[in-house]
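Here is what each chain is made of, one letter per residue.
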Amino acid sequence: MLTKRIIPCLDIKNGRTVKGVNFVDLRDAGDPVELADIYSKAGADELVFLDISATEERRKTLANLVLRVAEKVNIPFTVGGGISSVEDVDILLQNGADKVSVNSSAVKNPQLINDLAAKFGSQCITVAIDAKQIDGEWIVHLVGGKVPTQLNLFDWAKEVEQRGAGEILFTSMDNDGTKDGFANRALARLSSELNIPIIASGGAGNSKHFVDTFVQGKADAALAASVFHFKEIEIQDLKKELQDKNIPVRL
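Residues numbered from 1 in each chain as written. Predicted model: local features only at pLDDT ≥ 70, side-chain atom pairs only at ≥ 80, totals over all residues. Heavy atoms only, no water.

Can you walk me through the packing of aromatic side chains in this structure?
Inspection of the entire model under this criterion finds 5 aromatic pairs. Seen from their ring centres, Phe210 and Phe228 are 5.9 Å apart, and the 35° between their planes marks the pair as tilted. One end of the pair, Phe210, is in helix H8 (residues 207–215); the other, Phe228, is in helix H9 (residues 226–229), and 18 residues separate them in sequence. Looking at Phe210, the relative accessible area reads 0%, which means it is buried. Overall, Phe228 belongs to the buried group, its relative accessible area being 2%. Taken together through their ring pairs, the aromatic side chains of Tyr39, Phe182, Phe210 and Phe228 make up a single cluster. The ring of Phe154 is capped by Arg189, whose NZ or CZ atom sits 3.8 Å from the centre of that ring. (Phe/Tyr/Trp six-rings, centres within 6.5 Å; stacked < 30°, edge-to-face > 60°. Helix = DSSP H or I, 4+ residues; strand = E, 2+ residues; numbered from the N terminus. Buried < 20%, exposed > 50% of the residue type's maximum accessible area, 1.4 Å probe, protein only. Lys NZ or Arg CZ within 6 Å of the ring centre and 35° of its normal.)

How do you make sense of the nonpolar core when you look at a structure like this?
Core analysis: the largest hydrophobic core is formed by 71 residues, its most contacted members being Phe170, Phe210 and Phe228. With sequence-adjacent residues up to four places away left out, Phe170 is seen in contact with Ile129, Ala131, Trp138, Leu153, Ala183, Ala186, Leu187, Leu190, Ile199, Ala200 and Ser201. With 9 residues, the next largest nonpolar core counts Leu50, Leu169, Ile199 and Ala221 among its residues. (Core = buried A, V, L, I, M, F, W, Y, C linked by side-chain atoms within 4.5 Å. Contact = heavy atoms within 4.5 Å.)

Explain the pattern of salt bridges to me, please; I cannot follow it from the model alone.
If charged atoms from side chains of opposite charge come close, those side chains can pair. Evaluation of the coordinates by the stated rule reveals 13 salt bridges. When the shortest N-O distance is used, the salt bridge between Asp212 and Lys208 registers 2.8 Å. With a gap of 4 residues between them, Asp212 and Lys208 both fall in helix H8, about one helical turn apart. With a relative accessible area of 13%, Asp212 lands in the buried category. A cluster of three or more residues bridged by salt bridges with shared partners is formed by Arg5, Glu46, Lys99 and Glu167. (Salt bridge = Lys/Arg side-chain N within 4 Å of Asp/Glu carboxyl O.)

I tried to follow the packing of helix H6 (residues 153–162) against helix H7 (residues 184–193) on my own but got confused; where do I start?
The description of two packed helices rests on the angle between their axes and on the distance between the axes. Where H6 contacts H7, the two axes come as close as 11 Å, and the packing angle between them is 35°. In this structure, H6 crosses over H7, and the sense of that crossing is right-handed. Together, Leu153, Phe154, Ala157 and Lys158 of H6 and Ala186, Arg189, Leu190 and Glu193 of H7 make up the contact between the two elements. Split by residue class, the contact of H6 with H7 holds 5 nonpolar, no polar and 3 charged. (Axes fitted to C-alpha atoms, helices over the stretch in contact; angles between N-to-C directions. Left-handed = near helix turned anticlockwise from the far one by under 90°. Nonpolar A, V, L, I, M, F, W, Y, C, P; charged D, E, K, R; others polar.)

In structure tokens, the structure reads:
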């Protein structure tokens, strides 16, 4: 059985790591290069960097940050935020990113997924999907969760897979920052309907939530931010607990 991955997420704004609740009320969580170094040494399986305020003019700034992080870590890391072209991805991969994450740009131009997968390989391409429940239906949102679309989460996830994405990072906006657990019913459905890995995001508050998302949610990886940034959960302790529950992890 493939090992389950534990992935700290660094939301980057103006060069700093930030964390909020339900995508708002951001507070500073530290220097991203220092945090990346800490997580790499602490046994994280991967890192995700999301430039949550990215614009085209800031692509060079993010590329420089990627380069500084790549020099510090020896684990794969994914970079996202404001990526809208093959050229954007080329710059980030050249600066040391292992994978990229696209979100809003993929919804606006689904062909981008095909183009990126064809140029760089599916293993490099993560599609992030932010969704919340509206009248009982999971609806995809864009621009850091601010703009609702007409897209259904499960329909869009299937299309993303067909277009060549290597994995999906699903964030439940309803659960984000609440520390009440992951959206395991939605995750389990995604895992049953798709053949690519699903990363669970949004809601981690304690180690049991990670156990639940691997067992009930059938997630392939679990991503979290504040519980790691603010030392509420230590990665090695978490992995030992997962191993005790017969969940395969890399120690």
